[in-house]
Each structure stands twice: as structure tokens, then as C-alpha cells.
Protein chains: 2
Amino acid sequence: MNNILNDLSSTKQPIGVFDSGYGGLTILDELVKLMPDYDFIYLGDNARAPYGTRSFDVIYQYTLQAVEKLFSMGCQLVILACNTASAKALRTIQQRDLPRIAPNRRVLGVIRPSVEQLGVLSKTKHVGVMGTLGTVRSESYLMEMAKLYPDFTVFQEACPTWVPLVENREFDNEGGRYFIKKHIDSLMSKGKQIDTIILACTHYPILNKAIESFLPKHIQLISQGEIVARSLIDYLERHPEIDHVCSKEGVLKFFTTESVADFEEKAGVFLKRDLKAQHITLS
Amino acid sequence: MNNILNDLSSTKQPIGVFDSGYGGLTILDELVKLMPDYDFIYLGDNARAPYGTRSFDVIYQYTLQAVEKLFSMGCQLVILACNTASAKALRTIQQRDLPRIAPNRRVLGVIRPSVEQLGVLSKTKHVGVMGTLGTVRSESYLMEMAKLYPDFTVFQEACPTWVPLVENREFDNEGGRYFIKKHIDSLMSKGKQIDTIILACTHYPILNKAIESFLPKHIQLISQGEIVARSLIDYLERHPEIDHVCSKEGVLKFFTTESVADFEEKAGVFLKRDLKAQHITLS
């Protein structure tokens, strides 16, 4: 496998986008907007989603399987478009697995560019992180902020009802708004000087309108899609040897580990385009 | 393995209670109330929960692994305290696997006794089934009702937000009540002559109070815990050879495939007693 994976010269290659489920489609959406010429393969491990409540070892194993699958499909660059996988698997894959299985391939996550953006945008140096219970408990944002911006104060808010609200399209009603407002109020009461908030879950941009309607007007709300896309463009400019082998025919392919029909139906909540998915097995 | 599994004479044995996660604890709760002398082993496959959205094959494989594990721990009788597993795995396990792996052991589900109870209680012969999307889509209740009570009309309502409301303890507020009322109103508008409703998800009994507050007073609401317990007592009376080997020291044991600390914390929503859990691996 090593020889195949390390030979980047022969064919042009799509960029892999991995998520445990549907949320990564909000990242893909922005990637396609800002990088319309590039080819992307989206892989959703819907059969084993959600990852948020799973243990470190399980998430690491599942994520590595997905990365290896995307490598075997020709991707030389894989984005973990999933906060949980980025928090719990990225570092080990980058440091331990890649040098062994594919030293010329790259895996990038969503947390580092998000944290960099928080540091650039906040004037009060008080920032908010809204995410799943898993992301909040992992403290990945706290640790990354402490490394890059040790003088910042970070306030976290876990919003465990938000993913079910999005996946069941139940956010645009009285019940949905109750739970959206609840967590914004909770976060703002903890950090009264917060001026910038990151939606640290790829599902949450679907709630953008409702969130903004409850946020004080001076707060900057940032979603990860555009940040990750801009960070990737920057990365490819700095690594022309990788950009050079990326295939650029604007082709999108979708793979899911669960029912293709379910995926095609639910994906519409996250990505405003018709798509055809294919089934794939990870193990 | 056959020899060990079929030799029921040597030692007294606990009754196994399997669920994909926490919901089966509401069944166990009633089992312990009505059968306080019996020993039970609860096994929650929390690492791979929820099952509701998974495909038939995956649910069958996971459930069979759990049943075999409970057999290997000495259970000769296993209750699938999970509507999804009962709907998608029970028949195959009973008909194809048990004769091969453990002909003297028994696996029982929650759907058959629930359907029998609907038939006994309803006068209008119009009944309601509230469950997860997976249970509703499987049409297991429709098929079982058609077999036992072909002259009944069954109305189904999928309530996909209810499990997250229970698991996040978010049901006793304005947002929670909105989603509870929404599905009751939807069901009652579909079946105006409904006089009996079954909560066909083991999480839902936690919502009993709120559900009853929104239901017209003449509607009978039935939960599965007591039905399954009474059905099991009846079964053991009819099968004294099995009852005879059930151990009766009132011992409860809990196993989970995920974090023990998480299990012990979350279990408190479903089972009003302190408990110690142990980790277990299924594969």
C-alpha cells in the first residue's frame, strides 16, 4: 500500500472531506463556493454516527479507517470536517500514522483554523465556543486557544439539543427557538465581555439565522465553513506541490456508510444541491 | 459452546435484559418492581447507540452479539428491551440462530406483548403507536397488529425529538413541552377515534406526565415496562422448567459498551436507584 499511497505524480486527485455524518456538508458547501474548480469526495460515516458521545479510542479507530479509505480512493489531502474527529483523532493520525502509512499525504482538521480566526477577530479577548457535549468536554478549543492565545478567556457552552433539532428540521418553530435562545443566553451570562463566538459544530450553521436573532448585535458569529475553506486555499498556496496534483474539474462525489436513500434525503438540509450518493463500507 | 449453553441444570441463572442504550432501563425498572426476587443482568450497547437509524443487517449483527454475550454470562433467558432490536433482529435470532447456538435458551421481545395489550384494551379498535422513526418505518407494529387483530386500525406517529429530550433532560420546560404536544396533536388529528396509545419506545415513559397532560382524558396510555414484566411472569408460569433455573437473590448487574462513568450518570434519568456498571466489549 505504501508505494501506491506515496506515488503522487501519476494521476490528479480529489480532496477528501470526512465527517461522521451530515454536518461536514456545511464545510463542503463553503469549499465548493470558494474553490469551485477543485474535485471533492465527501465521506459520511452515517452508520456509526454520531461520534460525539463515543470514547477516544473508538473515534480514533473510526476516523483512521475513513482516512485510509479516502487515501485508497485517490485523495492525497483529507479534511476532517468534524470537530469530534479533529479533537480526538487528528493529532495521533498526523504524528503517528501518516509517517508510516502515507508520508506524502496530508490530513487537516477544523479546530486549528477556527482558533486562529477567534484570535484575529476578538478585541475583548473574551470568546465563546458553542459545540456538542463531546467537543466541550474534550477541551480541545481551550487547549488550542491556550497555546496560540494564552491571554484570551474562553467560555464554552454545550448545546446537546441542537444537532437533533437540525437533523429533524425542527429548528424553525417555537420549541426549536426555545432551545437555541436557552444556550445563547447561558453563554452570554457566563461571559459578559464576549465579542466573538465560534459555532464549533458543523451542524450549527444551519441555525445561523435563529442564532443571530437572539445574539446581541455587537457579537461576531463565525461559522467554520468559510474559515476552513480560506485556510485550505492558503495551505495550497503555500504547498504548490500538493496543489499541483489536486484534480480540478469541479467534480463532487458522495459516499455514505448507511442507506444511500436516507443520505440523499437528509443531505438536502445541509447542502442546497441535488446529489447522488454511493454506499461504502468502513472497517 | 453448544454444550455449555444447553446445560441448564447446573447453576442458577440471571435474566438478561438487552438494550442499545439507556431506554431498556425503564423496562428493567418494572421487572424489578414486579419480580424483586429475580436476578437480572442489564447490557447497554451505548458505544453503538442509537440503533434506530441503522440498517437491518447492522442491527441484527449487533443484537446477536449482545445475546451471545449474555448467554456466555449465564443468562438462559434474554429480553430484548428495545423496540428497534425487537423489530429487526428478534425473529431471525429466534428462528435461525437459537436452534443452532442454544436450543434451550430463549429470547423474547417487547412488541408482541405490547400488541396483545393494545388488542385487549381498545374498545374503538383504533389505536395509536408513538415511536422512533426507525420503529415507525419498520412497520413492525402494523404487521403484528394485522396478524393478531386484523380488524383494528393503527395510527403511527414518529417522534424523533423525544429521545434527545429525554437523554438531555430537556423535557420539563417550554421547548420540551412544545415537541411533546406537537406529536400528540398530530397523532390525534390523524386518528380521531383512537382510545388507546402505546409508547413504543422505552425512552418515552420518562415523558409520561407531560404526555398525559396533553392527552384527552378518555385516552388510555400504556407503557411497555409493566406489560413486558407481566408478560414475562406469565411466560415463566407457563415454563416452570425455565423459571426453575432462574436465580432469585434479587441481584442486579449492569454492563455497558461505553464509558462506565457516563452510563452511571445517565442511567439515573431512567432508573431511580444508584448503580455500579462494568465495561464490556461486543464484537
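Residues numbered from 1 in each chain as written. Chains lettered and ligands numbered in written order. Predicted model: local features only at pLDDT ≥ 70, side-chain atom pairs only at ≥ 80, totals over all residues. Heavy atoms only, no water.

The name an unreviewed UniProt entry assigns to chain A is Glutamate racemase, from the organism Ancylomarina euxinus. Check the Function (unreviewed entry) section of the UniProt entry for chain A; it says "Provides the (R)-glutamate required for cell wall biosynthesis." For chain A, the Pathway (unreviewed entry) comment in UniProt is given as "Cell wall biogenesis; peptidoglycan biosynthesis." (UniProt positions renumbered as here; feature names shortened; annotations may be inferred.)

Asker: Help me understand the UniProt feature "binding site: substrate" (unreviewed entry) in chain A in this model?
Answerer: All names here are of chain A. Using the residue numbers shown here, the UniProt feature "binding site: substrate" (unreviewed entry) corresponds to Asp19, Ser20, Tyr51, Gly52, Asn83, Thr84, Thr202 and His203. A maximum C-alpha distance of 13.2 Å among these annotated residues, which run over 185 residues, shows that they cluster at one spot. Along the polypeptide, Ser20 turns up in the loop between strand E1 (15–19) and helix H2 (24–34). Discounting residues that sit within four places of it in the chain, Ser20 has contacts with Gly44, Asp45, Asn46, Ala49, Tyr51 and Cys82. Judged by its relative accessible area of 1%, Tyr51 is buried. In terms of polar contacts, Tyr51 uses its side chain to reach the side chain of Asp45, at 2.4 Å. (Helix = DSSP H or I, 4+ residues; strand = E, 2+ residues; numbered from the N terminus. Contact = heavy atoms within 4.5 Å. Buried < 20%, exposed > 50% of the residue type's maximum accessible area, 1.4 Å probe, protein only. Polar contact = N/O pair within 3.5 Å; in protein donor to acceptor, adjacent residues only side chain to side chain.)

Asker: When you look at the interface of chain A and chain B in this model, what are you seeing that I'm missing?
Answerer: When the parts come together, some accessible area is lost, and that loss is often what is quoted as the size of the interface. Contacts between chain A and chain B engage 26 residues on the former and 26 residues on the latter. Between chain A and chain B, roughly 2000 Å² of surface is buried when both sides are summed, and carbon and sulfur atoms account for 47% of that area. In this structure, the connection of chain A to chain B is made through 4 salt bridges. The partner of Lys182 of chain A in a salt bridge is Glu170 of chain B, with the nearest N and O atoms 2.8 Å apart. Elements with a minimum of two residues in the side of chain A that touches chain B: helix H9 (162–167), helix H10 (174–190) and helix H14 (260–267) of chain A. If one sorts the elements of the side of chain A that touches chain B by residue count, H10 of chain A sits on top with 7 residues. Looking at the side of chain A that touches chain B residue by residue, the class counts come to 8 nonpolar, 9 polar and 9 charged. (Buried area = accessible area lost by both parts, 1.4 Å probe. Salt bridge = Lys/Arg side-chain N within 4 Å of Asp/Glu carboxyl O. Nonpolar A, V, L, I, M, F, W, Y, C, P; charged D, E, K, R; others polar.)

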